[in-house]
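# Residue-level structure breakdown
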Amino acid sequence: MLEIDKINTFYGTSHILHDLSLTIPEGAMISVLGRNGVGKSTLLRSIIGLNPPRRGSITLNGRDLTRMSGHRRARLGVAYVPQGREIIADMTVAQNLEVAMFAKGMRSTKVPDFVYDLFPMIRPLMGRRGGVLSGGQQQQVAIARALVQEPDLLLLDEPTEGLQPSVVEEIDQIIRRIHTERNCSILLVEQNLFFVREVTEQFAIMENGRIVVSGDIAQLTDDLVAAHLSV
Ligand SMILES: Nc1ncnc2c1ncn2[C@@H]1O[C@H](COP(=O)(O)OP(=O)(O)OP(=O)(O)O)[C@@H](O)[C@H]1O
Ligand SMILES: [Mg+2]
């Protein structure tokens, strides 16, 4: 469904992604792995349009997204959970969710019931300011903020970063439910290998702005991990 074809992405004159190609089939649950600074977040930012590639193309079900604005991508069903969550500190949780629905141009800004069902903790927090939430609460709000847009493809950048094991476990369950119950394809950037093996079905490893190995998660051997991921 999502076809990334030889994209080249830059920050100013820094060339970050080099002819990177990746296919994300409909229904996929795929993780992108790699050491710090290899360009994982830049890949997601290229897909969502925050940092579009200068060369190459990104198509979703045959439609060219490469130079499309962020809100048009949202309308086509792509949603994004940034690294570091980026919850707006001075807005309430309810307002953070409304902004996402507004950005997509949704007629109603009522939070869909399935979001409360996935995140029961959100209802009592709706009036709370984003800045006062714990890291785990912020991560759940960040995922909820993407889900209120009812995406078909969800991009998640390190959703377990800096969270305690019990919260990681909760996020694990939630991501699986999003995949199965919402029928949503998922592209996950993640450093936590245990989580990657538990949750995802395919993997792709990046080095220096390129995908160097990819396959089914069962093929992610300890040798591959040692060669490409250990520091
Ligand atoms: N806004 C920016 N301006 C200039 N260079 C940037 C910018 N953002 C990232 N970079 C550079 O681009 C490269 C890739 O960064 P990116 O954030 O995509 O890596 P990453 O794989 O997500 O790393 P991490 O695992 O630390 O999150 C790095 O060398 C980084 O320094
Ligand atoms: Mg990153």
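This text gives an overview of the structure that appears in the document. Computed from a predicted structure; not experimentally measured.

Here we come to the overall build of the protein chain. When helices and strands are counted, the protein chain shows 8 helices and 10 strands. Over its C-alpha trace the protein chain gives a radius of gyration of 17 Å, about what one expects of a compact globule, namely 17 Å for 231 residues. Along the three orthogonal principal directions, the C-alpha set of the protein chain runs to about 45 × 40 × 30 Å. Within the protein chain, the proportion of its 231 residues that are buried is 39%. In the protein chain, of all internal contacts separated by at least 6 residues, the share reaching a separation of at least 24 is 66%.

Attention shifts here to the nonpolar core. Counting residues in hydrophobic clusters, the biggest one holds 58 residues, and the most contacted among them are Leu154, Leu155 and Ile186. In terms of residues, this core owes the most to one element, helix H5 (residues 135-147), which gives 6 residues. Excluding residues within four positions of it along the chain, isoleucine 186 makes contact with Met29, Leu154, Leu156, Ile175, Ile178 and His179.

What follows is about the pairing of strand S2 (residues 14-24). Across 7 bridges, strand S1 (residues 2-11) lies against S2 in antiparallel orientation. Along S2, the bridge assignment pairs tyrosine 11 with serine 14.

Here we come to the pairing of strand S4 (residues 55-60). Where S1 lies against S4, 5 bridges are found, and the strand directions are antiparallel. Counterpart to glutamate 3 in the pairing with S4 is threonine 59. Looking at chain direction, S4 and strand S5 (residues 63-64) are connected through 2 bridges and run antiparallel. The residue of S5 that forms the bridge with leucine 60 is arginine 63. Taking the residues that link successive antiparallel strands as the turn, the S4-S5 hairpin has 2 residues, and the phi of asparagine 61 there is positive, at about 45°.

Surveying the vicinity of ligand 1 reveals the residues Tyr11, Ser14, Ile16, Gly34, Asn36, Gly37, Val38, Gly39, Lys40, Ser41, Thr42 and Gln83. The set of elements that each furnish at least two residues to the shell around ligand 1 consists of S2 and helix H1 (40-48). The element contributing the most residues to the shell around ligand 1 is H1, with 3 residues. The class makeup of the residues in the shell around ligand 1 is 3 nonpolar, 8 polar and 1 charged.

Glancing now at the sheet that holds S4. Strand order in the open sheet made by the 4 strands is S2-S1-S4-S5, with antiparallel pairing throughout. Each edge of the open sheet is held by one strand with a lone partner, namely S2 and S5.

Take the sheet that holds strand S3 (residues 29-33) next. Spatially, 6 strands are ordered S6-S7-S8-S3-S9-S10 in an open sheet, and the strand pairing comes out mixed. With one partner strand each, in any of the chains shown, strand S6 (78-81) and strand S10 (210-216) form the two edges of the open sheet. Averaged over all adjacent pairs, the angle separating strand axes in this sheet is 15°, with direction ignored. Relative to strand S8 (residues 185-189), S3 is paired through 4 bridges, and the arrangement is parallel. Directly across from isoleucine 30, in S8, lies its bridge partner leucine 187. Where H1 meets the sheet, its contacts fall on S3, S6, strand S7 (153-157), S8 and strand S9 (202-207), and the angle it forms with S7 comes to roughly 150°. The strands that H5 touches are S6 and S7; relative to S6, the one it contacts most, it runs at about 170°.

Cut-offs used in this document
- Residues numbered from 1 in each chain as written.
- Chains lettered and ligands numbered in written order.
- Predicted model: local features only at pLDDT ≥ 70, side-chain atom pairs only at ≥ 80, totals over all residues.
- Helix = DSSP H or I, 4+ residues; strand = E, 2+ residues; numbered from the N terminus.
- Rg over C-alpha atoms; globule rule 2.2 N^0.38 Å.
- Buried ≥ 20, exposed ≤ 12 C-beta atoms within 10 Å, placed from the backbone.
- Contact = placed C-beta atoms within 7 Å.
- Core = buried A, V, L, I, M, F, W, Y, C linked by C-beta atoms within 7 Å.
- Pairing = 2+ DSSP bridges.
- Near = placed C-beta within 6 Å.
- Nonpolar A, V, L, I, M, F, W, Y, C, P; charged D, E, K, R; others polar.
- Axes fitted to C-alpha atoms, helices over the stretch in contact; angles between N-to-C directions.

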